[in-house]
Amino acid sequence: MVGLAAGDNAERLAEQAQQFRPAVVALATADAADRFRAACPAFPGTVLAGAEGLVGVATHAAADIVLCASSGTAGLEAVMAAIESGKRIALANKEVLVMAGELVTQAARRRGVSILPVDSEHNAIHQCLHGRAADEVRRLILTASGGPFRDLPLGALEAVRPAAALRHPTWQMGRKITIDSATLMNKGLEVIEAHWLFGIQADSIDVVIHPQSIVHSLVELTDGSVIAQLGVTDMRLPIQYACSYPERWDGLLPRLDLVRAGRLDFSAPDLDRFPCLRLAYRALRDGATYAVALNAANEVAVASFLDGRLGFTAIPAVIERVMNDHTPEPVSSVDTVRRVDAWARNHASAVAVELELRF
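Quick look at the structure, then. Within every chain, residues take consecutive numbers counted from 1 along the sequence as written. Confidence filtering applies because this is a predicted model: local features only for residues at pLDDT of at least 70, side-chain atom pairs given and counted only at 80 or more, and all residues used for totals across whole chains, interfaces and linings. Computation of side-chain values: all heavy atoms of the structure, hydrogens and water removed.

## Thoughts on the environment of G75
Item 1. Looking at the secondary structure, you find G75 in the loop between β4 (65–68) and α4 (76–84).
Item 2. The spacing of G75 and A51 is 24 residues in sequence and 8.3 Å in space, taken between C-alpha atoms.
Item 3. In what follows, residue pairs with any heavy atoms lying within 4.5 Å of each other are defined as contacts. Not counting residues within four places of it along the chain, the set of residues in contact with G75 comprises L54, C68, S70 and V96. Helix numbering and strand numbering both begin at the N terminus, where a helix is a DSSP run of H or I of at least 4 residues and a strand a DSSP run of E of at least 2.

## Looking at the sheet that holds strand β1 (residues 3–5)
Backbone-to-backbone hydrogen bonds join strands into a sheet, with any given pair of strands oriented parallel or antiparallel.
Item 1. An order of β1-β2-β3 is seen for the three strands of this open sheet, with the pairing classed as parallel. For this open sheet the edge positions go to β1 and β3 (46–49), each flanked by a neighbour on one side alone. Each adjacent strand pair in this sheet contributes to an overall mean axis angle of 15°, direction not counted.
Item 2. An axis is simply a line fitted to the C-alpha atoms; with a helix, the fit covers only the stretch in contact. Between two such axes, the angle follows the N-to-C directions and lies from 0 to 180 degrees. Sitting on the sheet, helix α1 (residues 10–20) touches β1 and β2 (24–27), and the angle it makes with β2 is about 170°.
Item 3. Sheet strands in contact with helix α2 (residues 30–39) are β2 and β3, and its direction is about 155° off that of β3. Here a strand pair is declared whenever DSSP counts at least two bridges between the two strands.

## Re the packing of helix α5 (residues 94–111) against helix α9 (residues 185–198)
Item 1. In contact at an axis separation of 8 Å, α5 and α9 are set at 20° when each is read in the N-to-C sense. When the axes of α5 and α9 are compared, the pair comes out roughly parallel. When you trace α5 past α9, the crossing you get is left-handed. Note on element contacts: α9 touches α5 through N186, L189, E190, I192, E193, W196 and L197, opposite K94, E95, L97, V98, G101, E102 and T105.
Item 2. Side-chain classes follow a simple rule in which Ala, Val, Leu, Ile, Met, Phe, Trp, Tyr, Cys and Pro form the nonpolar group, Asp, Glu, Lys and Arg form the charged group, and the remainder, Gly included, forms the polar group. Partitioning the contact of α5 with α9 into residue classes produces six nonpolar, three polar and five charged. Note that the term roughly parallel is reserved for angles under 35 degrees, roughly antiparallel for angles over 145, roughly perpendicular for angles of 65 to 115, and oblique for everything else. Should the near helix be turned anticlockwise from the far one by less than a right angle, the crossing is termed left-handed; should it be turned clockwise, right-handed.

## Examining the packing of aromatic side chains
Item 1. Stacked, tilted and edge-to-face pairs are distinguished by plane angle, under 30 degrees for stacked and over 60 for edge-to-face with tilted covering the rest, among Phe, Tyr and Trp rings (Trp via its six-membered ring) whose centres lie within 6.5 Å. In the structure shown here, the tally under the stated rule is four aromatic pairs.
Item 2. For the pair F149 and F312, a centre-to-centre distance of 5.4 Å together with 80° between the ring planes defines the contact as edge-to-face. Taken together, the residues F149 in the loop between β7 (137–144) and α7 (162–165) and F312 in the loop between α13 (290–306) and α14 (314–325) connect sequence positions 163 residues apart. For the pair F149 and F312, a shared accessibility class is recorded, and that class is buried. Note on classification: 1.4 Å probe, protein chains only; a residue is buried when its accessible area is under 20% of the maximum for its type, exposed when over 50%, partly exposed between these limits.

## Focus: the pattern of salt bridges
Item 1. The salt bridge criterion pairs a side-chain nitrogen of Lys or Arg with a carboxyl oxygen of Asp or Glu, the two atoms within 4 Å. Taken as a whole, this structure holds 27 salt bridges when the rule is applied.
Item 2. The salt bridge partner of K187 is E121, with a shortest N-O separation of 2.8 Å. Note that K187 is positioned in helix α9 and E121 in helix α6 (residues 120–129), a separation of 66 residues in sequence.
Item 3. Since its relative accessible area comes to 10%, E121 is described here as buried.
Item 4. One network of salt bridges, with partners in common, ties together D8, E11, D31 and R35.

## Quick look at the packing of α5 against helix α15 (residues 334–356)
Item 1. Running from N to C, α5 and α15 cross one another at 170°; their axes reach a closest spacing of 10 Å. If you check the angle between α5 and α15, you find them roughly antiparallel. Facing α5, whose interface residues are M99, A100 and L103, α15 presents V334, V337, R338 and D341.
Item 2. A class-by-class count of the residues in the contact of α5 with α15 yields five nonpolar, no polar and two charged.

## A closer look at helix α12 (residues 275–286)
Item 1. Helices are assigned an expected span. That span is 1.5 Å times one less than the residue count. The first and last C-alpha atoms of α12 sit 16 Å apart over twelve residues, in line with the 16 Å expected at 1.5 Å per residue.
Item 2. Inspection of α12 places P275, C276, L277, L279, A280, Y281, A283 and L284 among the buried residues, and these make up the whole buried set.
Item 3. Those residues of α12 that are buried are in contact with α8 (175–183), α9, β8 (205–209), α13 and α14.
Item 4. Looking one or two residues past α12, G287 carries a phi angle of roughly 70°, positive in sign.

## What to know about the side chain of H216
Item 1. Secondary-structure assignment places H216 in strand β9 (residues 215–221).
Item 2. Within polar-contact distance, the side chain of H216 engages the backbone oxygen of G231 at 3.0 Å. Polar contacts here mean pairs of N or O atoms no more than 3.5 Å apart (in protein, one a potential hydrogen donor and the other a potential acceptor; neighbouring residues in sequence count only if both atoms are side-chain atoms).

## Regarding the sheet that holds strand β10 (residues 226–230)
Item 1. Here we have four strands laid out as an open sheet, ordered β8-β7-β9-β10, and mixed in their pairing. The open sheet has two free edges, formed respectively by β8 and β10, since each of these has just one partner strand. Averaged over all pairs of adjacent strands, the angle between strand axes in this sheet comes to 20°, irrespective of strand direction.
Item 2. For β9 and β10, the ladder comprises five bridges, and the chain directions are antiparallel. Looking at the pairing, V215 lines up with L230 of β10.
Item 3. Running over the sheet, α9 touches β7 and β8 and is turned about 150° from β7.

## Description of the pairing of β3
Item 1. Across four bridges, β2 lies against β3 in parallel orientation. Each bridged residue has a counterpart across the sheet, and for V25 the counterpart in β3 is V47.
Item 2. When the strands point away from the viewer, a crossover counts as right-handed if the path from the first strand over the helix to the second runs clockwise. In the classification by handedness, the crossover that spans β2, the intervening α2 and the parallel β3 is right-handed.

The structure is reproduced here in structure tokens:
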């Protein structure tokens with residue numbers, strides 16, 4: 001372990017630094033860095049802070065693999081810097097590719113850098129595609145748990161509150177991604193991510209609801225064969241795969257027992273219930289900076305919902321208004337991405353305020 005970066009949790013980072021002895025650590029703020037130093041006064045390495053600190057960890061000379069699992073859009077510059085430094089990227093943060101997929105994948109090709117997906121669905125597809133030519137692939141199929149409201153009557157969604165939306169039936173995740181799972185925006189972002197990771201167009205990427213979360217994703221080949229990756233619901237498997245690839249290491253996870261797993265159900269997503277998925281497909285098909293606007297508006301709307309200021313069904317309403325009002329432009333640079341991201345956040349905040357008055 002060469003470097004560790006965290007957000008504000010200085011105390012937990014101090015515990016990890018004492019255990020793994022990295023050469024460098026970084027925290028989101030100077031205040032958090034000071035708390036880290038107080039919690040770990042004997043730490044012999046370098047302590048960094050802010051966005052520059054994240055880049056410093058991601059580009060450390062001794063690092064071979066950079067695992068990016070930062071929340072939201074914070075990791076974009078660090079990932080780009082790590083690619084320019086020739087590091088292999090293990091990517092758990094889907095927003096990086098949603099915002100700047102063209103820039104990131106172009107840089108990776110130019111530098112000869114591999115981007116290995118850690119998201120369980122994309123990791124599954126990577127395993128299914130291993131050694132296959134692009135012209136053998138007809139369709140990618142991403143599975144989705146459907147979140148906590150997949151069977152809730154449509155009219156009851158307006159009354160959903162944050163506490164209910166945060167009770168995911170399958171995975172233990174952070175607050176924002178758990179709400180994205182409840183709206184199915186998480187799956188929409190994964191559709192966009194899959195396009196950039198695997199070079200597959202929107203019309204060849206499907207989503208199916210699979211409540212058991214045993215089949216993590218599937219690939220349909222041109223002859224009609226369908227290859228699936230199955231496993232227990234534990235993120236340690238895709239993390240290990242990304243770190244060990246192309247080797248496979250012995251795993252410490254429990255083995256999948258298909259008999260105990262029982263039935264495996266699949267159904268098509270209801271786009272009336274999950275309009276965020278429809279909006280994500282629209283952003284991918286329309287291209288340019290629409291995905292930047294989509295992602296930024298979603299983050300603002302989800303934050304407003306978690307704060308109790310916005311209704312659950314207003315989340316897609318905010319996103320759609322921002323997309324309708326957006327003037328697209330080519331994703332030509334990180335500066336362009338950040339500028340559009342800032343505009344979309346400001347506009348989404350204003351739209352959310354309008355909708356708050358009706359909630």
